[in-house]
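# Breakdown of the fold
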Amino acid sequence: MTRVLSCIQPTGEVHLGNYLGALRNWVSGQHENDAFHGIVDLHALTITEGPDTLGTATMELAAMLFAVGLDPDVATVFVQSHVTEHSQLAWMMECTVSFGELSRMTQFKDKSAKREAEFISAGLFTYPALQAADILLYDTDEVPVGEDQRQHIEITRDIAIRFNHRFGDTFVLPKAVTPKTGARVMDLQDPTSKMSKSSESGAGLVNMLDDPAGIARKFKRAVTDSDSEVRFDRETKPGVSNLLEILAACTGDTPEALASRYTQYGPLKRDTGEAVVELLAPIQARYHELIADRGELQALLRTGAGKARRRRCHPRQSPGRRRHAARLTARSPGQMSSACRSAAAAGPAPCTSSSVAAADPAARSISAPNRS
Ligand code: TRP
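This one's a predicted model, so the numbers in the text were calculated from it and none came from an experiment. (Residues numbered from 1 in each chain as written. Predicted model: local features only at pLDDT ≥ 70, side-chain atom pairs only at ≥ 80, totals over all residues.)

### Observations concerning the overall build of the protein
In plain terms, the rule: Helix and strand labels come from DSSP, where a helix needs a run of H or I of at least four residues and a strand needs a run of E of at least two; each type is numbered from the N terminus. Backbone-placed C-beta atoms define the burial measure: a residue is buried with 20 or more other C-beta atoms within 10 Å of its own, exposed with 12 or fewer, and partly exposed in between. Note that contacts rest on C-beta atoms placed from the backbone: two residues are in contact if these are within 7 Å.
Scanning the protein from terminus to terminus reveals 17 helices and five strands. In the protein, which comprises 372 residues, the proportion classed as buried is 43%. In the protein, 74% of the contacts between residues at least 6 apart in sequence involve partners at least 24 apart.

### A short note on the site of the ligand
What counts, and what does not: Each residue gets a C-beta atom placed from its backbone. Should that atom fall within 6 Å of a molecule or strand, the residue is termed near it. Classes in brief: Ala, Val, Leu, Ile, Met, Phe, Trp, Tyr, Cys and Pro nonpolar; Asp, Glu, Lys and Arg charged; the others, Gly included, polar.
Contacts to the ligand come from Leu5, Cys7, Gln9, Val40, His43, Gln131, Asp134, Ile135, Val143, Val145, Gln149 and His152. Going through the elements one at a time, β1 (3-8), α7 (122-136) and α8 (147-167) are the ones with two or more residues in the shell around the ligand. Looking at the shell around the ligand, the element that brings in the most residues is α7, giving three residues. For the shell around the ligand, the per-class residue count stands at six nonpolar, five polar and one charged.

### Notes on the pairing of strand β2 (residues 34-39)
Operational definition: When DSSP finds at least two bridges between two strands, those strands are taken to pair. We call a crossover right-handed when, viewed with both strands directed away from the observer, the connection leading from the first strand over the helix to the second proceeds clockwise.
Counting buried residues along β2, five of its six residues qualify, which places the element largely inside the surrounding structure. Pairing of β1 with β2 involves six bridges; the strand directions are parallel. Its bridge partner lying in β2, Cys7 is registered against Gly38. The parallel pair β1 and β2, bridged by helix α1 (residues 16-29), forms a crossover whose chirality is right-handed.

### Comments concerning α1
Note the following rule: One less than the number of residues in a helix, times 1.5 Å, gives the span that helix is expected to have. Think of it this way: the bend at a residue is just the angle between two axes, each fitted to seven residues, one set ending at that residue and the other starting at it.
For α1, which comprises 14 residues, the first-to-last C-alpha distance of 19 Å matches the rise-based estimate of 20 Å (1.5 Å per residue) to within 8%. At Ala22, α1 is bent by approximately 40 degrees, the largest bend along its length. Along its buried surface, α1 packs onto β1, β2, α3 (53-68), α10 (238-251) and α12 (265-292).

### Looking at α12
In this model, α12 (28 residues) spans 39 Å end to end at C-alpha, consistent with the 40 Å of a helix rising 1.5 Å per residue. Roughly 35 degrees is the biggest bend found in α12, and it falls at Leu280, with proline Pro282 one to four residues downstream. Within the span of α12, buried status applies to Leu268, Lys269, Thr272, Gly273, Val276, Leu280, Tyr287 and Leu290.

### A short note on the packing of α3 against α12
Helix-helix packing is described using two parameters, namely the angle between the two axes and the distance between the axes. We count it as follows: Working convention: axes come from line fits to C-alpha atoms, limited for helices to the stretch in contact. Angles between N-to-C directions cover 0 to 180 degrees. Under this scheme an angle from 65 to 115 degrees is roughly perpendicular, one under 35 degrees roughly parallel, and one over 145 degrees roughly antiparallel; angles in between are oblique. Definitions for this section: a left-handed crossing has its near helix turned counterclockwise from the far helix by less than a right angle. A right-handed crossing has that turn clockwise.
The interhelical angle for the contact between α3 and α12, taken along N-to-C directions, is 135 degrees, at an axis separation of 8 Å. The orientation of α3 with respect to α12, classified from their angle, is oblique. In terms of crossing hand, the pair formed by α3 and α12 is right-handed. Residues Glu60, Ala63, Met64, Phe66, Ala67 and Val68 of α3 lie in contact with α12, whose contacting residues are Ile283, Arg286, Tyr287, Leu290 and Ile291. Looking at the contact of α3 with α12 residue by residue, the class counts come to nine nonpolar, no polar and two charged.

### What about the environment of Glu278?
Within the element layout of this structure, Glu278 appears in helix α12. By the C-beta count within 10 Å, which is 12 here, Glu278 ends up exposed. Taking the C-alpha atoms as reference points, Glu278 and Pro212, separated by 66 residues in sequence, lie 8.7 Å from one another.

### Digging into the confidence of the model for the protein
A low pLDDT score tells you not to read the predicted coordinates there in detail. Filter applied, for reference: One confidence number per residue, pLDDT, is output by the predictor and ranges from 0 to 100.
Averaged over the protein, the pLDDT score is 87; the fraction of residues at 70 or greater is 84%. Residue range residues 346-372 is modelled with pLDDT below 50. Its contacts to residues more than four positions away, or to other chains, number 52 contacts.

### Here's the deal with unusual backbone geometry
Unusually for a residue other than glycine, Asp52 sits at a positive phi of about 70 degrees. The exposed category is assigned to Asp52, around which 10 C-beta atoms lie within 10 Å. Here the phi dihedral of Asp139 falls at roughly 55 degrees; this positive angle occurs in a residue that is not glycine. Tracing the backbone through its elements, the reader meets Asp139 in the loop between α7 and β4 (142-144).

### Digging into the nonpolar core
A general tendency of soluble globular proteins is for nonpolar side chains to be buried together. Defined as follows: Any set of buried Ala, Val, Leu, Ile, Met, Phe, Trp, Tyr and Cys residues joined through C-beta atoms within 7 Å is what this text calls a nonpolar core.
With 85 residues, the main nonpolar core has Ala62, Ala63, Met93, Ala133 and Ile246 as its most contacted residues. No other element matches α3, which puts 11 residues into this core.

### A word on the environment of Gln151
The residue Gln151 is located in helix α8 in this model. Placed 46 residues apart in sequence, Gln151 and Met105 show a C-alpha to C-alpha distance of 7.1 Å. Non-local contacts of Gln151, meaning those with residues more than four positions away in its chain, are made with Met105 and Thr106.

### Notes on the packing of α10 against α12
Two elements in contact, α10 and α12, have axes whose closest approach is 9 Å; the angle formed by their N-to-C orientations is 40 degrees. In the crossing of α10 with α12, the sense of the turn from one axis to the other is left-handed. Taking contact as the criterion, the partners of Val240, Leu243, Ile246, Leu247, Cys250 and Thr251 in α10 are, on α12, Tyr265, Leu268, Lys269, Asp271, Thr272, Ala275, Val276 and Leu279. Grouping the constituent residues of the contact of α10 with α12 by class yields 10 nonpolar, two polar and two charged.

Laid out in structure tokens, this is it:
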């Protein structure tokens, strides 16, 4: 089975565009692939926030991922900081990537330019090394990413190749793949721009936790156009087409078929709003249940972290890698994970699977504020 890793930063609320465009495919994809889903809280530390902001956002995102249907028994859903090997391997990665390579990362150049007058952390600069650790730690085959992340997958491959060359065949080379996309949901007030959490007006953005009346209102006020024909045409009728696409994503019909059933904008807006309310109702109910039951949520995440660790500890091995592991194991007893083998290969004392299993994810986490 192909091992696929997707990661998401706990920054800001999840909105309808995230759900219909991506998260829904994560849910169906968990049955097709060996799916790993990481909430990358350490990456979010590159933006400084007040105390507990990140911890709360991490728990909220976790609750949302389970609420939309990621099944902890099927997929591996974990918080990055709960699996401490991410940071350990990140250091190895930092020592395997050059200053020059990191300096050429477009995302770093853009973000640091934008924050010119602010604090630019070294973490923002070494961010791709941590991302490489996320990916290589699990022998990931495929990483579904948008265009903006392709360069980070390329540098991950470069790091893996260099590491394998220096220390022996250790890491699987991951491939960037284009994520299966669901609906393209645009801003309700500016239907030529994608719905985004940084949207200017809250009115164009439907959050997953918006109440039914609020959702209905946002759809009622959605921007359409001055003629009154209901037709699916993104170029000339972006607002109407956006409503049709959202309604189609909720009902399973095609936008074209739906267009033929409407002659006026009013009923289309009303029905789309209602369909979204109906789609979100069970997700919201499950979310509220989980967020009110910290113990349960933490237990699910502990399961995820444990699974992530175990999956990492039993890598699929090519003959070359087996030989390599055997050499390292001969040097240092104890069953070693790929990350541990890497650590051993690079020099420092290795860790064993028992020391790893003894670590309690919640106790060590920066983002699980209360243990129940
Ligand atoms: N950098 C990614 C983003 O901003 C998030 C991320 C962190 C990631 N680690 C990853 C994505 C590993 C894919 C694989 O979207």
